[in-house]
Amino acid sequence: MLIDMADDWTTPITVEQMYGYWDVEWDEAVAVTNRSLDPRPNSSIYDTLSSLGVEKGDVVLDIGGRDASGGLAMAERFGCRVIVVDPVQANLDDGLRAIAGHVHGYLVEIHRGTINQIPIGDDTVDVVFSRDMLTHVADLDGALMECRRVLTPSGSMLIHQVFETPLLEPAERERLCADLATVPDRLSIEIFEDSVRRAGFTIRAIDRVGSEWLESLLEREDGEKRLLRAAHMHRAKDDIVDEVGVVAFRVMEANNLWTIYRMIGKLEERVYSLTLDRT
Ligand SMILES: C[S@@+](CC[C@H](N)C(=O)[O-])C[C@H]1O[C@@H](n2cnc3c(N)ncnc32)[C@H](O)[C@@H]1O
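All of these numbers come straight from a predicted model, not from anything done at the bench. (Residues numbered from 1 in each chain as written. Predicted model: local features only at pLDDT ≥ 70, side-chain atom pairs only at ≥ 80, totals over all residues. Heavy atoms only, no water.)

1. Here's the deal with the pairing of strand 7 (residues 267-276)
Next, step 1: Judged by how many residues are buried, strand 7 sits mostly within the fold: 10 of 10 residues are covered.
Next, step 2: Residues L267, E269, V271, S273 and T275 of strand 7 are buried on one face, and the alternating residues E268, R270, Y272, L274 and L276, pointing to the opposite face, are buried as well.
Next, step 3: As defined by bridge partners, strand 5 (residues 151-164) adjoins strand 7 across nine bridges and the pair is classed as antiparallel. By the bridge assignment, I159 is partnered in strand 7 with Y272. (Buried < 20%, exposed > 50% of the residue type's maximum accessible area, 1.4 Å probe, protein only. Helix = DSSP H or I, 4+ residues; strand = E, 2+ residues; numbered from the N terminus. Pairing = 2+ DSSP bridges.)

Next comes the structure, spelled out in structure tokens:
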């Protein structure tokens, strides 16, 4: 006999419903949830960049470009020049080494700077590329105005950013922000979009990536270990802290959570395509 399932999502499931007959067997239900949703890989961000018309000879600014790996990927795919700017010396050192060893390195340069003080002149850049870095920026209005300053009048900007959803609890938010050098306001979609408009940009497209890139990674990666590492760090906290230090522990543990929360919808990845308002 089939038991009627709850007709809404708030009525408690009964023991009879839980252990009784379902529409399908447990294994069949698991197989349904195992089915791939054909997620795009994270390289889809370069397809979005392509839709902004980037081509050979264009100048792209990769702001917060870390070790120049993104800059080199863009130079390789588009034949564009890339100026990478990052404030952290260790990243600049890695970037210089990567550029020197890459066949397209002649198209890429790397400089010290921040998004609020970009070390390049006015109207010099065709596209500003900002991936996963605004989270660290306190003065977002100033940062976006500075990006506007370096863009040519027909220029555009691509921003990848992780935002909170209503599922993120206040204590989880506080913890992530403290341990990942994140400015709490940067998790807000509303504050972000208001700032974008104030700085004189028009939002042309929003790609709600959600968990797609991570799904793609997990489907390809054999033996994803983040959950297991989270369990180890919880159970052997003191020993691991002794070995790696407090800062490494906090950043690594919060980074695990940052990934897990993106998988379960507490955080949401988005890619914004922006152009400059015509005045
Ligand atoms: C999560 S990493 C992302 C790196 C790279 N964009 C990528 O997608 O792989 C964040 C980067 O932002 C840089 N960053 C932090 N504060 C910044 C600022 N105020 N201006 C520019 N870059 C900044 C960090 O040094 C780091 O390289």
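2. Re the environment of M263
Next, step 1: Structurally, M263 can be placed in helix 12 (residues 246-263).
Next, step 2: Between the C-alpha atom of M263 and that of G113, which follows or precedes it by 150 residues, the distance is 32 Å.
Next, step 3: Setting aside anything within four residues of it in sequence, one finds M263 in contact with S211, L214 and L218. (Contact = heavy atoms within 4.5 Å.)

3. Describing the site of the ligand
Next, step 1: G64, R66, D86, P87, V88, N91, T114, I115, R131, D132, M133 and H136 make up every residue found near the ligand.
Next, step 2: Within the contact set of the ligand, an oxygen atom lies 2.7 Å away from a side-chain nitrogen or oxygen of D86.
Next, step 3: Within the contact set of the ligand, a nitrogen atom lies 3.0 Å away from a backbone nitrogen or oxygen of I115.
Next, step 4: Protein contact buries 82% of the 590 Å² of open area that the ligand shows by itself.
Next, step 5: Looking at the shell around the ligand, its residues break down into four nonpolar, four polar and four charged. (Near = heavy atom within 4 Å. Polar contact = N/O pair within 3.5 Å; in protein donor to acceptor, adjacent residues only side chain to side chain. Areas by Shrake-Rupley, 256 points an atom, 1.4 Å probe, with all protein chains shown as cover. Nonpolar A, V, L, I, M, F, W, Y, C, P; charged D, E, K, R; others polar.)

4. Re the domain arrangement of the chain
Next, step 1: Taken domain by domain, the chain consists of domain 1 (1-35), domain 2 (44-215 + 264-276) and domain 3 (217-255).
Next, step 2: Relative placement of domain 1 and domain 2: their C-alpha centres are 44 Å apart. (Domains from an automatic or database assignment.)

5. Some details on the side chain of T259
Next, step 1: Counting through the fold element by element, T259 comes out in helix 12.
Next, step 2: Judged by its relative accessible area of 5%, T259 falls in the buried class.
Next, step 3: If near-sequence neighbours (up to four positions away) are discounted, T259 is found in contact with L214 and R226.

6. Examining the state of the cysteines
Next, step 1: Evaluated as defined, the whole model comprises zero disulfides.
Next, step 2: Distance from the sulfur of C80, which forms no disulfide, to the nearest cysteine sulfur (C147) is 17 Å.
Next, step 3: For C80, a relative accessible area of 0% gives the class buried.
Next, step 4: A relative accessible area of 0% means that C147 is categorised as buried. (Disulfide = S-S within 2.5 Å.)

7. Thoughts on unusual backbone geometry
Next, step 1: Even without being a glycine, A68 presents a positive backbone phi close to 70°.
Next, step 2: One can find A68 in the loop between strand 1 (59-63) and helix 4 (69-78).
Next, step 3: Residue classification places A68 among the buried positions, given a relative accessible area of 0%.
Next, step 4: Of note, D123 is a non-glycine position whose phi angle comes to about 55°, a positive value.
Next, step 5: Mapping D123 onto the fold places it in the loop between strand 3 (108-112) and strand 4 (125-131).

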